[in-house]
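# Summary of the model geometry
Chain by chain, the residues run as shown.
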Amino acid sequence: MFNSVSSALAAVLLARCVLGTNLFVSHYSGKVYTLTYQPNSNGKNGTLSIDNSVAGCGNMPSWLTLDHTSKSLYCFDESSNSGVVSSFDVTGATPKLTGQAKTSGEDVHGWLGESSISTYKLPLTSSSKASQKDTFTMSGKGPVPSRQDAPHPHSTITDPTGQYLIAPDLGADLIRIFSINATTGKLTTCTPAKAGAGDGPRHGVWWSPNDATVAGLMLYTVNELGNSVTGWQVSYPHSGCLSLTKTQTLSTYESGAPPSSTLPVKAAEVHVRGNFLYAANRNDQTFGSEQDSLVTYNISSTGVLDFAEATNAHAWYPRTFSVNQAGDMIAVGGQTSSNVAIIARNTVTGRLGGLLASIDVATPGTDGGEDGLSAVVWNMSSTMNLRLPVSAS
């Protein structure tokens, strides 16, 4: 959320000092890349450059997660039946492989397989094995036979207390909830929350009006098949499991429908920064051929969403995007265009601005294929924020 400091005597000038690698990018060709964004002297745009690339995340790196505390980058491999999860030390100029463990394959986000969740004791080492693999009998299907003939949990996120794991299930139109044993890491199934029929929930993100407490906590999910976002009110009972109550569902298009009824559009990713929520639309081509959209919502003090605007993602199939630490830039990863685009963001209004820089990474993907660029994350430790006092007028 926003942290504000006011002073009657001084204003604050925020300067950014780039210390090294700004971004990590994964590509389905098997590499993890490091990129640097350098602002131009005019302050209006900049340049992106590829510093280096490393292997070590299997044949199909599909997702990246950066642990800011340990300065470890975790990479997940989507290869069928022979996947891996890998850890890299990112304190140096080049990511260094520090550990790797085998998975059941087809991991698309976190430690999530087709119908099981595996937990690993960190840090990973070259001899790591799953310390706990809980296999759950999952059932349910949705009204879209081509995508919902069976359960398909698509991502995992822990709640702010660290006591629960949430898994949006695209195939069964459920938000699956698990409690976490703090000592063993073992998961216990809780009652899932029901999404709308055909929504296909994909990813989720938390928001609270107060960083210090879970009072007013909301979960927002992006729905791939419904092309929408849903708000969920979070409840923590004195006994039992966390529960979710659906409060609203809004389209990722202001009109309620994509601009073209013939394109196979799919909502992809969701993030929150301050009192603003952002989601990505894949293949809507709202802003021209191979130019998809990002959408912005205002979040009220009670967690109610209000559609604010749609802007150019400057990418085709924006599967992934990330807001930088200062909050003044968004990095968008176009899967099919296989590019990283840096877009300006107003830290006060939350609105997105123009394109600052863009660069192609490796080879483009194919329309709707499992190839191209898979993930992009900012290296939050590579930017130093300097607060310089200046005289108030």
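Note that the coordinates shown come from a computational prediction; the quantities given were computed from them, not determined experimentally. (Residues numbered from 1 in each chain as written. Predicted model: local features only at pLDDT ≥ 70, side-chain atom pairs only at ≥ 80, totals over all residues. Heavy atoms only, no water.)

### Observations concerning the side chain of Asp159
Mapped onto the fold, Asp159 is located in the loop between strand E11 (157-158) and strand E12 (164-169). Buried within the structure, Asp159 lacks any salt-bridge partner; Arg176 is the closest side chain of opposite charge, at an N-O distance of 17 Å. Separated by 2.6 Å, the side chains of Asp159 and Thr161 make a polar contact. Only 2.9 Å separates the side chain of Asp159 from the backbone nitrogen of Tyr164, close enough to count as a polar contact. When sequence neighbours within four positions are dropped, the list of residues in contact with Asp159 reads Tyr164, Trp206, Tyr236 and Leu242. (Helix = DSSP H or I, 4+ residues; strand = E, 2+ residues; numbered from the N terminus. Buried < 20%, exposed > 50% of the residue type's maximum accessible area, 1.4 Å probe, protein only. Lys, Arg positive; Asp, Glu negative; His and termini not counted. Salt bridge = Lys/Arg side-chain N within 4 Å of Asp/Glu carboxyl O. Polar contact = N/O pair within 3.5 Å; in protein donor to acceptor, adjacent residues only side chain to side chain. Contact = heavy atoms within 4.5 Å.)

### Topic: the nonpolar core
Counting residues in each nonpolar core, the largest one holds 19 residues, and the members touching the most others are Phe24, Val32, Leu64 and Leu73. Taken together, the elements giving at least two residues each to this core come down to strand E5 (61-67), strand E6 (72-77), strand E7 (84-89) and strand E28 (373-378). With four residues, E6 is the single largest residue contributor to this core. Excluding anything up to four places from it in sequence, Phe24 contacts Tyr33, Thr34, Leu64, Leu66, Leu73, Val90, Pro95, Ala375, Val376, Val377 and Asn379. Formed by 18 residues, the second largest nonpolar core is a distinct cluster that contains Met329, Ile342, Leu356 and Val376. (Core = buried A, V, L, I, M, F, W, Y, C linked by side-chain atoms within 4.5 Å.)

### A short note on the packing of aromatic side chains
Counted by the stated rule, this structure contains three aromatic pairs. With centroids separated by 6.1 Å and ring planes inclined at 55°, the aromatic side chains of Tyr164 and Tyr236 adopt a geometry described as tilted. Of the two residues, Tyr164 sits in strand E12 while Tyr236 sits in the loop between strand E18 (228-235) and strand E19 (243-251), which places them 72 residues apart along the sequence. Residue classification places Tyr164 among the buried residues on the basis of a relative accessible area of 7%. With a relative accessible area of 28%, Tyr236 lands in the partly exposed category. Where Tyr297 meets Phe307, the ring centres are 5.5 Å apart and the plane angle is 85°; that geometry is what we call edge-to-face. (Phe/Tyr/Trp six-rings, centres within 6.5 Å; stacked < 30°, edge-to-face > 60°.)

### Considering the sheet that holds strand E20 (residues 266-273)
Strand order in the open sheet formed by four strands is E20-E21-E22-E23, and the pairing between neighbours is antiparallel. Looking at the sheet topology across the chains shown, the edges are occupied by E20 and strand E23 (305-312). Averaged over neighbouring strand pairs, the angle between their axes works out to 25° when direction is ignored. Inspection of the sheet shows strand E21 (residues 276-282) paired to strand E22 (residues 293-299) by six bridges, in the antiparallel sense. Bridge pairing in E22 links Ala280 to Leu294. (Pairing = 2+ DSSP bridges. Axes fitted to C-alpha atoms, helices over the stretch in contact; angles between N-to-C directions.)

### Comments concerning the state of the cysteines
This structure, assessed with the given rule, holds two disulfides. Each sulfur in the disulfide pair Cys57 and Cys75 lies 2.1 Å from the other. Taking the torsion about the sulfur-sulfur bond, which here is approximately -95°, the covalent link between Cys57 and Cys75 counts as left-handed. Linking Cys57 in the loop between strand E4 (46-54) and E5 with Cys75 in strand E6, this pair joins segments that are 18 residues apart in sequence. According to the relative accessible area criterion, Cys57 is buried, its value standing at 0%. With a relative accessible area of 0%, Cys75 lands in the buried category. Two residues share a disulfide in this structure: Cys190 and Cys241, whose sulfurs sit 2.0 Å from each other. Because the torsion about its S-S bond is -60°, the bridge between Cys190 and Cys241 counts as left-handed. Highlighted residues: Cys190 in the loop between strand E14 (187-189) and strand E15 (193-194) and Cys241 in the loop between E18 and E19, separated in sequence by 51 residues. You can call Cys241 partly exposed: its relative accessible area is 28%. (Disulfide = S-S within 2.5 Å.)

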